[in-house]
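# Residue-level structure breakdown
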Amino acid sequence: MPEILINYKTNREDYKRQSKYCNICMRRYKSVKKNVIILALMIVFVFVFGTVAFHLIEGWNLFDSFFFTLITVSTVGYSIPENLSQAGKVIASILISAGVTIVLYGFTSVTSMIVEGHIGEYFKSRRMRKMIDRLKDHFIVVGAGRTGRHTTLEIMKAKKPFVVIDQSEEAIARLKDFLGEEFPYVVGDATEEEILMKAGVERARSLVVTLPDDAKSTFVVLTAKSLNPNLEIVSRVSDMKALSKLVYAGADKVIATSELAGVRLAQMALNPTTISFLDILSFGEESFRIEEVVIPPESPVANKTLGEINLAKRAGTIVIAIRRGGEVIFNPTGDTKILPEDRLMVVGKSDHFEKLHRLIEEG
């Protein structure tokens, strides 16, 4: 861990600079909230002051005092009571000045928020928070770079809920263009607990770290695992030396991008026909994909054979393997019984997996 700590501290200033835009946005939201609170407090103070002052000086009841304060502050032009004392006229003058001041302050604040886009940003942020708060068992993708884009695309194709975290608003905008639709996201540094909490890490199913910096990835994994020990974490690693550190930090699976690319290039050269077929399954051609499906204990298909379930006919999918504890059953036959907690490796088209999940859950 010392090596990772040194690298992280060395790059900490870079991370702070990258999150500068996010901090500016947060200050804008706080500024909007502050302006609204100040305006409300000013209004309350003026009405309380006027009501109490007229009640004590003129001897009116509280309702009449409040009513005269209202028409004075609003400057609607009602006539002044003939018996209004000299002190009452002073209070009325103060209230008229305060009313004009409040109107000008409110008008200036609202105009400023509209011109600078604060109102739109505030409601956009609020809408985004509500979207994320509704999510459960979702995926969190850390990083909206090149790797993160394709990771997010695959999760979206699988129709799974997800949240993206990135420090750059520009990277999020590029991801929106890439995906062609809106999605929930959080702008900030994923090494910070607050940012992960905003992404709903405590309710998430899985965290995917696609950052190019192994030191930062390690700290993201450490932070996420401390907030949700049951979270399944998959991380990218650039340097094989950092692989063991990521596993030690809590990553369940670590993918070495350089090694993966090298193996794939060699396989394409050695077995071009086989790789072309696997591309159909792995990279979305013709909408095919491979998915691991867990059989819940209460599932209506549990303790039945594959022949009885007949997934090929009822869901249009094929079971190519079953993982049962530490055992893997390849090419199961129709007589193979499906047990609770089995993990089925299933091949099929994307639109067929909805039928498969309904079949497993409802029968």
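Residues numbered from 1 in each chain as written. Predicted model: local features only at pLDDT ≥ 70, side-chain atom pairs only at ≥ 80, totals over all residues. Heavy atoms only, no water.

### Observations concerning the overall build of the chain
- Regarding its fold elements, the chain presents 15 helices and 12 strands.
- Looking at the chain as a whole, 39% of its 363 residues are labelled buried.
- Taking the intrachain contacts of the chain between residues at least 6 apart in sequence as the baseline, contacts between residues at least 24 apart amount to 63%.
- Carbon and sulfur atoms provide 59% of the accessible area of the chain, an area that totals close to 21,000 Å². (Helix = DSSP H or I, 4+ residues; strand = E, 2+ residues; numbered from the N terminus. Buried < 20%, exposed > 50% of the residue type's maximum accessible area, 1.4 Å probe, protein only. Contact = heavy atoms within 4.5 Å. Areas by Shrake-Rupley, 256 points an atom, 1.4 Å probe, with all protein chains shown as cover.)

### Brief notes about the sheet that holds strand β4 (residues 206-209)
- Ordered in space as β3-β2-β1-β4-β5-β6, the six strands form an open sheet in which the pairing is parallel. If you trace the sheet from one side to the other, it starts and ends with β3 (185-187) and β6 (253-256), each paired once. When the angles between neighbouring strand axes are averaged without regard to direction, this sheet yields 15 degrees.
- Lying over the sheet, helix α11 (residues 257-270) contacts β5 (232-237) and β6, oriented at roughly 60 degrees with respect to β6. (Pairing = 2+ DSSP bridges. Axes fitted to C-alpha atoms, helices over the stretch in contact; angles between N-to-C directions.)

### Here we look at the pattern of salt bridges
- Summed over all chains, the structure comprises 10 salt bridges.
- The salt bridge partner of Arg-324 is Asp-342, with a shortest N-O separation of 2.8 Å. Residue Arg-324 is found in strand β9 (residues 318-324), and its partner Asp-342 is found in the loop between β11 (337-338) and β12 (343-349); the two are separated by 18 residues along the sequence.
- Using a relative accessible area of 24% as the deciding quantity, one classes Arg-324 as partly exposed. (Salt bridge = Lys/Arg side-chain N within 4 Å of Asp/Glu carboxyl O.)

### So, a positive patch on the surface
- Taken together, the side chains of Lys-33, Arg-126, Arg-129, Lys-130 and Arg-134 make up a positively charged region of the molecular surface.
- In terms of residues, the positive patch owes the most to one element, helix α5 (residues 118-133), which gives three residues.
- For Arg-134, a relative accessible area of 64% gives the class exposed. (Patch = residues over 30% accessible without salt bridge, like charges linked within 9 Å, V, L, I, M, F, W, Y side chains within 5 Å. Lys, Arg positive; Asp, Glu negative; His and termini not counted. Charge placed at Lys NZ, Arg CZ, Asp CG, Glu CD.)

### Concerning the side chain of Thr-69
- Relative to the helices and strands, Thr-69 is located in helix α3 (residues 62-74).
- At 3.4 Å, the side chain of Thr-69 forms a polar contact with the backbone oxygen of Gly-50.
- In this structure the side chain of Thr-69 is engaged in a polar contact, spanning 2.7 Å, whose partner is the backbone oxygen of Ser-65. (Polar contact = N/O pair within 3.5 Å; in protein donor to acceptor, adjacent residues only side chain to side chain.)

### A short note on the nonpolar core
- Judged by nonpolar contacts, the single largest core of 45 residues is most densely connected at Ile-140, Val-142, Phe-162, Val-164, Ile-165, Phe-183 and Leu-207.
- If we ignore the near neighbours within four places in the chain, the residues touching Ile-165 are Ile-140, Val-141, Val-142, Gly-143, Ala-144, Val-186, Gly-188, Ala-190, Ile-195, Leu-196 and Ala-199.
- Ala-315, Val-319, Ile-322 and Ile-338 belong to the second largest nonpolar core, which has 18 residues in total. (Core = buried A, V, L, I, M, F, W, Y, C linked by side-chain atoms within 4.5 Å.)

### So, the side chain of Arg-236
- Along the chain, the position of Arg-236 falls in strand β5.
- Of the buried charged residues, Arg-236 lacks a salt bridge, with Asp-214 as the closest side chain of opposite charge at 6.4 Å.
- Only 3.1 Å separates the side chain of Arg-236 from the side chain of Thr-147, close enough to count as a polar contact.
- A distance of 3.3 Å separates a polar side-chain atom of Arg-236 from the backbone oxygen of Thr-210.
- Apart from the residues lying within four places of it in its own chain, the contact partners of Arg-236 are Thr-147, Val-209, Thr-210, Leu-211, Pro-212, Asp-214, Ser-217, Leu-246, Ile-255 and Thr-257.

### Examining the environment of Ser-74
- The topology assignment puts Ser-74 in helix α3.
- Look at Ser-74 and you get partly exposed, because its relative accessible area is 35%.
- For the pair Ser-74 and Val-100, spaced 26 residues apart in sequence, the C-alpha to C-alpha distance is 8.3 Å.

### Quick notes on the environment of Ser-109
- Structurally, the position occupied by Ser-109 is in helix α4 (residues 86-115).
- Taking C-alpha positions, Ser-109 is 9.0 Å from Leu-39, a pair spaced 70 residues apart along the chain.

### A few points about unusual backbone geometry
- Phi is positive for Asp-137, close to 55 degrees, though the residue is something other than glycine.
- Take Asp-137: it is sitting in the loop between α5 and β1 (139-142).

### Things to note about the confidence of the model for the chain
- For the chain, the average pLDDT comes to 81, and 81% of its residues sit at 70 or higher.
- Low pLDDT, under 50, characterises residues 1-22; the stretch is placed with 30 contacts to residues that sit more than four places away or in other chains. (pLDDT = per-residue confidence, 0-100.)

### A word on the packing of helix α6 (residues 146-157) against helix α7 (residues 169-179)
- Here α6 crosses α7 at 45 degrees, and the two axes come no closer than 10 Å. With respect to each other, α6 and α7 are oriented oblique. Crossing of α6 against α7: the hand is right-handed. Residue-level contacts link Arg-149, His-150, Thr-152, Leu-153 and Met-156 of α6 to Arg-174, Leu-175, Phe-178 and Leu-179 of α7.
- Among the residues forming the contact of α6 with α7, the class breakdown is five nonpolar, two polar and two charged. (Parallel < 35°, antiparallel > 145°, perpendicular 65-115°, else oblique. Left-handed = near helix turned anticlockwise from the far one by under 90°. Nonpolar A, V, L, I, M, F, W, Y, C, P; charged D, E, K, R; others polar.)

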